[in-house]
Amino acid sequence: MRHILYEVCILKKSVFCFLAVVILLLGSTPLPAEEVMKVLSLTLKESIEIALGNNAEILIKSEELKGAAARIREARAHVLPQLSVNADYYNYHDH
């Protein structure tokens, strides 16, 4: 019984892979030359901006810098004078 289930499982995987390949081959259409040129024509500045914007290490360091700046603001806040206000009001009626 297990042998039959194993063969059915393999058959299902094979059919799935075959259909996936067929769909990918039939569904992909080549891009016109103009669209390819649009994709490939980037200036050096645009290329650098894209690379820097997607670089994980730079993004991590940027977040670390934001955290450090927040800690600096917090440390400076303890040096500044603190002000607190408290008020009470009681209204007594003599009856």
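Residues numbered from 1 in each chain as written. Predicted model: local features only at pLDDT ≥ 70, side-chain atom pairs only at ≥ 80, totals over all residues. Heavy atoms only, no water.

Topic: the overall build of the chain
Right, on to step 1. For the chain, the count of helices and strands is four helices and zero strands.
Right, on to step 2. Ordering the α and β elements of the chain from the N terminus gives α-α-α-α.
Right, on to step 3. In the chain, which comprises 95 residues, the share counted as buried stands at 0%.
Right, on to step 4. If you sum the accessible surface of the chain, you get close to 9,900 Å²; carbon and sulfur atoms cover 66% of it. (Helix = DSSP H or I, 4+ residues; strand = E, 2+ residues; numbered from the N terminus. Buried < 20%, exposed > 50% of the residue type's maximum accessible area, 1.4 Å probe, protein only. Areas by Shrake-Rupley, 256 points an atom, 1.4 Å probe, with all protein chains shown as cover.)

Examining the pattern of salt bridges
Right, on to step 1. Counted under the stated rule, the structure contains two salt bridges.
Right, on to step 2. With its nearest N and O atoms 3.4 Å apart, the salt bridge here joins Glu64 to Lys61. Here the residue Glu64 and the residue Lys61 both occupy positions in helix H4 (residues 56–79), the gap between them amounting to three residues, near one helical turn.
Right, on to step 3. Glu64 sits in the partly exposed class, given a relative accessible area of 42%.
Right, on to step 4. In this structure, the salt-bridge partner of Glu63 is Lys66, at a minimum N-O distance of 3.3 Å. Highlighted residues: Glu63 and Lys66, both in helix H4, separated by three residues, approximately one helical turn. (Salt bridge = Lys/Arg side-chain N within 4 Å of Asp/Glu carboxyl O.)

Side note on H4
Right, on to step 1. Spanning 24 residues, H4 covers 36 Å between terminal C-alpha atoms, matching the ideal 34 Å at 1.5 Å per step.
Right, on to step 2. Looking at where H4 begins, the residue whose side-chain oxygen comes 2.9 Å from the main-chain nitrogen of Glu57 is Asn55. (Expected span 1.5 Å × (residues − 1). Polar contact = N/O pair within 3.5 Å; in protein donor to acceptor, adjacent residues only side chain to side chain.)

Some details on the confidence of the model for the chain
Right, on to step 1. Scored by pLDDT, the chain comes out at a mean of 77, with 65% of its residues at no less than 70.
Right, on to step 2. Averaged over each element, pLDDT in the chain is lowest for helix H2 (residues 33–40) (62) and highest for H4 (90). (pLDDT = per-residue confidence, 0-100.)

Quick word on the packing of aromatic side chains
Where two aromatic rings form a pair, the distance of their centres and the angle of their planes describe that pair.
Right, on to step 1. A full pass over the atoms with the stated rule returns one aromatic pair.
Right, on to step 2. With a centroid separation of 6.2 Å and an interplanar angle of 15°, the aromatic rings of Tyr90 and Tyr92 are classed as stacked.
Right, on to step 3. Looking at Tyr90, the relative accessible area reads 58%, which means it is exposed. (Phe/Tyr/Trp six-rings, centres within 6.5 Å; stacked < 30°, edge-to-face > 60°.)

A few points about a nonpolar patch on the surface
Right, on to step 1. There is a patch of nonpolar side chains on the surface, built from Leu44, Ile48, Leu52 and Ile58 and spanning about 380 Å² of accessible area.
Right, on to step 2. With respect to the secondary-structure elements, Ile48 resides in helix H3 (residues 44–54). (Patch = residues over 30% accessible without salt bridge, like charges linked within 9 Å, V, L, I, M, F, W, Y side chains within 5 Å.)

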